[in-house]
Amino acid sequence: MADEALSAGAVARRLGVAVTTLRTWHQRYGLGPSQHVPGHHRRYTPADLARLEIMRRLTAEGIAPAEAARWAKQSPGVGPAAEVRLRAGAGRDGGGQTIPVGRAGPLARGLARAAMRLDSAAISETIANALARDGVVATWDGLLRPVLAGIGERHAATAGLIEVEHLMSRCVSEAFATVARPGPAAGPGRILLACADEEQHTLPLEALAATLAEAGVAYRMLGARVPLAALIEAVNRTGPAAVVLWSHTRATADPQQLSALLGMPRRPLLVLAAGPGWQADTLPAGVVRPVDLTEAVSLALAVRDSLDQSSGA
């Protein structure tokens, strides 16, 4: 095996880590080179390299180094076939598979690592703590959007992480559902939230619903893929003051849906075209396109306040 053993520099290049990192792993956790030839520096065998690869992958996913080292040292011996696979693939994936979060802070990076581990408990706890501390808007803009966008970016590049996206979406939905709903004193739901026909991306609309609930504003949520006929029927039956129609992609952003709302005999006071699917130059006159969650909430609150003032006059 002497011709297969590697120096610290060669191992560092294969793993994509610094030589000083290898030394730290050796000194603190006992993951050092095992082959010793008298008169020469110790060398890393393929089995050593396999354990270090486990160590690198686990730490890249957010596992504490001491825990990662424990798992790495408990890994079974690497047989000849595994050695071949290891040598063939050791130079790839130097940085591990991670979710990019742009300039978001350490909390977003930690949430991204939890998502990669499919650690639903850690995801839910992180989101719940952020909601309690910072509120819905700050949590959505500063924590959830960067992670969700990073998952989408990685999926677009690799066609993977579908399981990560599904788990993350479920945890976000469950967290928003725990935000206190307005009580009877808030009155009927005068704001109607719906996705455009065939639109399945509901999380931004759920964020808006949670923000309204946080502000004590009653609403009705119709959810994903609302056909135009169903939307018109809901407006006729409930008489909302404002309708928010969400579209994530151009494929679902049919301006005829908005025109139909404006043409109703009892048209809503405010029609919001929310989401990146809508294009400003295609919107019918009289439709408002909020730039972000904060503006959408402000417009909804303005409608509520206007109705309150009218009823009290």
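If you're wondering where the values come from, they're calculated on a predicted model, not measured in any experiment.

Q: With reference to specific residues and values, describe the packing of aromatic side chains.
A: Throughout the structure, instances matching the rule amount to one aromatic pair. When the ring of Trp140 is compared with that of Phe176, the centres are 6.2 Å apart and the planes differ by 50 degrees; the resulting orientation is tilted. In this pair, Trp140 sits in helix H8 (residues 136–158) while Phe176 sits in helix H9 (residues 162–177), placing the two residues 36 residues apart along the sequence.

Q: Could you give an account of the side chain of Glu206, with specific residues and numbers?
A: For Glu206, the location among the structural elements is in helix H10 (residues 203–214). The contact partners of Glu206, leaving out residues within four places of it in the chain, are Ser173, Phe176 and Met221.

Q: Tell me about the sheet that holds strand S4 (residues 270–274), residues and numbers included.
A: Pairing in this open sheet of five strands is parallel, and the strands run S2-S1-S3-S4-S5 from one edge to the other. The strands lining the two open edges of the sheet, one partner per strand, are strand S2 (220–223) and strand S5 (287–288). Bridge count for S4 against S5 is two bridges, and the pairing is parallel. Counterpart to Val271 in the pairing with S5 is Val287. Against the sheet, helix H11 (residues 228–238) engages strand S1 (191–195), S2 and strand S3 (242–246), with an angle of about 170 degrees to S1. Relative to the sheet, helix H12 (residues 255–262) contacts S3, S4 and S5, its axis offset from that of S4 by approximately 170 degrees.

Q: Account for the pattern of salt bridges, with residues named and values stated.
A: With the rule as written, the count across this model stands at seven salt bridges. Put simply, Glu53 and Arg56 hold a salt bridge, and the shortest N to O gap is 2.9 Å. Taken as a pair, Glu53 and Arg56 lie in helix H3 (residues 46–60) at a separation of three residues, close to a single helical turn. When its relative accessible area of 14% is taken as the criterion, Glu53 is described as buried. Among the salt bridges present, the one from Arg170 reaches Glu174, with a minimum N-O distance of 2.7 Å. Placement of the pair is Arg170 and Glu174 together in helix H9, with a separation of four residues, close to one helical turn. Classification of Glu174 by relative accessible area gives partly exposed; the value is 39%.

What counts as what
Residues numbered from 1 in each chain as written. Predicted model: local features only at pLDDT ≥ 70, side-chain atom pairs only at ≥ 80, totals over all residues. Heavy atoms only, no water. Phe/Tyr/Trp six-rings, centres within 6.5 Å; stacked < 30°, edge-to-face > 60°. Helix = DSSP H or I, 4+ residues; strand = E, 2+ residues; numbered from the N terminus. Contact = heavy atoms within 4.5 Å. Pairing = 2+ DSSP bridges. Axes fitted to C-alpha atoms, helices over the stretch in contact; angles between N-to-C directions. Salt bridge = Lys/Arg side-chain N within 4 Å of Asp/Glu carboxyl O. Buried < 20%, exposed > 50% of the residue type's maximum accessible area, 1.4 Å probe, protein only.

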